[in-house]
Amino acid sequence: MPETVSGPPVLLVHGFASDGHTDWITTGWPSALTAAGREVVVPDLPGHGSSPAPTGSAGAKAMCAELARLVSRLSEVDIVGYSLGARLSWELPAQAPVRRLVLGGVSPVEPFGAVDVAAALAFADGGKTPADPLTGMIAHMITAPGRNPAALARCIEDLRAEPFAPAAGAISVPTRFVAGTGDPVSQGIETLVDLVPGADLVRVPGDHGGALRSPEFKTAVLDFLA
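Per-chain numbering applies: the sequence of each chain, read as written, is numbered from 1 onward. Note on the predicted model: pLDDT of at least 70 is required for a residue's local features to be given, and 80 or more for side-chain atom pairs to be given and counted; whole-chain, interface and lining totals, by contrast, use all residues. Just so you know, side-chain values use all the structure's heavy atoms and leave hydrogens and water out.

Asker: Please explain the pairing of strand E4 (residues 98–104) as it appears in this structure.
Answerer: Each regular strand displays side chains that alternate between the two surfaces of the sheet. Categorising residues by exposure relies on relative accessible area from a 1.4 Å probe, with only protein chains included: less than 20% of the type maximum marks a residue as buried, more than 50% marks it as exposed, and the intermediate range marks it as partly exposed. Going along the chain from the N terminus, every DSSP run of H or I of four or more residues is numbered as a helix, and every run of E of two or more is numbered as a strand. Most of E4 sits out of view: five of its seven residues are buried. A crossover counts as right-handed when, viewed with the strands pointing away from the observer, the path leading from the first strand over the helix to the second turns clockwise. For the crossover that starts at strand E3 (residues 77–82), traverses helix H4 (residues 84–89) and ends in the parallel E4, the hand is right-handed. A pair of strands is considered paired only if DSSP assigns at least 2 bridges between the two. Relative to strand E5 (residues 175–180), E4 runs parallel, the two sharing four bridges. Within the sheet, the bridge partner assigned to glycine 104 lies in E5 and is valine 178.

Asker: Explain the packing of aromatic side chains to me, please; I cannot follow it from the model alone.
Answerer: Both the distance between ring centres and the angle between the ring planes are used here to describe each pair of aromatic rings. Any pair of Phe, Tyr and Trp rings, taking the six-membered ring for Trp, is counted once the centres come within 6.5 Å. Such a pair is stacked with planes under 30 degrees apart, edge-to-face with planes over 60 apart, and tilted for the rest. Tallied over the full model, the rule gives five aromatic pairs. When the centroid spacing of 5.9 Å and the interplanar angle of 85° are considered together, the rings of tryptophan 90 and phenylalanine 164 count as edge-to-face. Of this pair, tryptophan 90 sits in the loop between H4 and E4 while phenylalanine 164 sits in the loop between helix H7 (149–161) and E5, and the two are 74 residues apart along the sequence. The class of tryptophan 90 is buried, set by a relative accessible area of 4%.

Asker: Quick question: what am I supposed to make of the state of the cysteines here?
Answerer: Joining two cysteines, a disulfide is a covalent bond between their sulfur atoms. Disulfide assignment relies on a single distance test, namely cysteine sulfur atoms paired within 2.5 Å. Applying the stated criterion across every chain, the model contains zero disulfides. Looking at the unpaired cysteine 64, the closest cysteine sulfur is the one in cysteine 155, lying at 13 Å.

Asker: Explanation requested: the packing of helix H5 (residues 117–124) against H7 in the structure shown.
Answerer: Each pair of packed helices can be described by the angle between their axes along with the distance between the axes. Packing of H5 against H7 brings their axes to within 10 Å, and their N-to-C directions diverge by 175°. Considering their axes alone, H5 and H7 lie roughly antiparallel with respect to each other. Contacts from Val117, Leu121 and Ala124 of H5 reach H7 at Pro149, Ala150, Ala153, Ile156, Glu157 and Arg160. Helix axes are fitted to C-alpha atoms over the stretch in contact, other axes to C-alpha atoms as well, and angles between N-to-C directions run from 0 to 180 degrees. Roughly parallel refers to an angle under 35 degrees, roughly antiparallel to one over 145, roughly perpendicular to one between 65 and 115, and oblique to any angle outside these ranges. Residue contacts are counted whenever heavy atoms from the two residues lie within 4.5 Å of one another.

Asker: It is not clear to me how the pattern of salt bridges should be interpreted in this structure. Could you clarify?
Answerer: Oppositely charged side chains can form a pair if their charged atoms are brought close together. The rule for a salt bridge is simple: a side-chain nitrogen of Lys or Arg has to be within 4 Å of a carboxyl oxygen of Asp or Glu. Scanning the entire structure with this criterion turns up eight salt bridges. With its nearest N and O atoms 2.7 Å apart, the salt bridge here joins glutamate 66 to arginine 69. Of this pair, glutamate 66 and arginine 69 both sit in helix H3 (residues 60–70), three residues apart, roughly one helical turn. Glutamate 66 sits in the partly exposed class, given a relative accessible area of 38%. One salt bridge in this structure joins arginine 203 and glutamate 190, with 2.4 Å as the shortest N-O distance. Residue arginine 203 is located in strand E6 (residues 200–204), and its partner glutamate 190 is located in helix H8 (residues 190–193); the two are separated by 13 residues in the primary sequence. One salt-bridge network, in which partners are shared between bridges, spans Arg38, Asp78 and Arg99.

Asker: Whenever I open this one, the sheet that holds strand E2 (residues 40–41) confuses me. Can you help?
Answerer: Neighbouring strands of a sheet are bound in pairs by backbone hydrogen bonds; such pairs are parallel or else antiparallel. Reading across from one edge, E2-E1-E3-E4-E5-E6 is the order of the six strands in this open sheet, with parallel pairing throughout. Across the chains shown, the open sheet's two edge strands, defined by having one partner strand only, are E2 and E6. Relative to E4, helix H10 (residues 215–225) is tilted by about 160°, and along the sheet it contacts strand E1 (10–13), E3, E4, E5 and E6.

Asker: Got a minute to help me understand the nonpolar core in this structure?
Answerer: Note that soluble globular proteins tend to have their nonpolar side chains buried in a common cluster. In this description, a nonpolar core means a group of buried Ala, Val, Leu, Ile, Met, Phe, Trp, Tyr and Cys residues linked to one another through side-chain atoms lying within 4.5 Å. Counting residues in hydrophobic clusters, the biggest one holds 49 residues, and the most contacted among them are Phe16 and Phe177. Beyond its immediate stretch of four places on either side in the chain, phenylalanine 177 contacts Trp90, Leu103, Val106, Ile189, Leu192, Val193, Val196, Ala199, Asp200, Leu201 and Val202. In this structure, Val10, Leu33, Val102 and Ala220 belong to the second largest nonpolar core, which totals 17 residues.

Asker: Can you walk me through the side chain of arginine 87 in this structure?
Answerer: Mapped onto the elements of the fold, arginine 87 is located in helix H4. Looking at arginine 87, its side chain comes within polar contact range of the main-chain oxygen of glutamate 162, at 3.3 Å. Under the rule applied, a polar contact is a pair of N or O atoms within 3.5 Å (in protein, one hydrogen donor and one hydrogen acceptor; residues adjacent in sequence only if both atoms are side-chain atoms).

Remember that the coordinates give geometry; whether it matters functionally is a separate question.
Here it is in structure tokens:
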């Protein structure tokens, strides 16, 4: 643990069908941030990881409200979100005392709109792999070891009921976008960068998962938050 604190705590927000341990802890983020003088907050989103299945809405508004509540005691916080975590983090500067914001692997459009939830759940119950490639990918994600397919399917339905609709002026804090050079999810991320005054975009090697785990991503974040 460093002797001096060099900035506010950092909230790390994981992606869909993952959890804080998988996305952040196993990839060395807490140790890197702690070495840089930061405290770290690593939650699991509702229906993910150690968090219980949602009993109410699992849409973006509810998830963002929970994240804002988590950091409400802080006078200031930096946020790093990836994939779904970045889509949610887009909303947080309006609800929490955000100093700096990093949005990685984020899609500029609602990513769940075309998912056949029923087909994904049928696969989870032992059915065949969905023919639609996107639904097939989601079906495998929600049935990975340790996942709760029903809770994650509920999240998909609630998230797409509140589709991502980014608008100019929504974010006024310093923001950095990060995208993998081979990541199809973040294709078109430049349109988001253009909506945030002064924001920049850093390209790092890798596809959607590889970019998150690349040392270049960690460097881009640590440099920006310093």
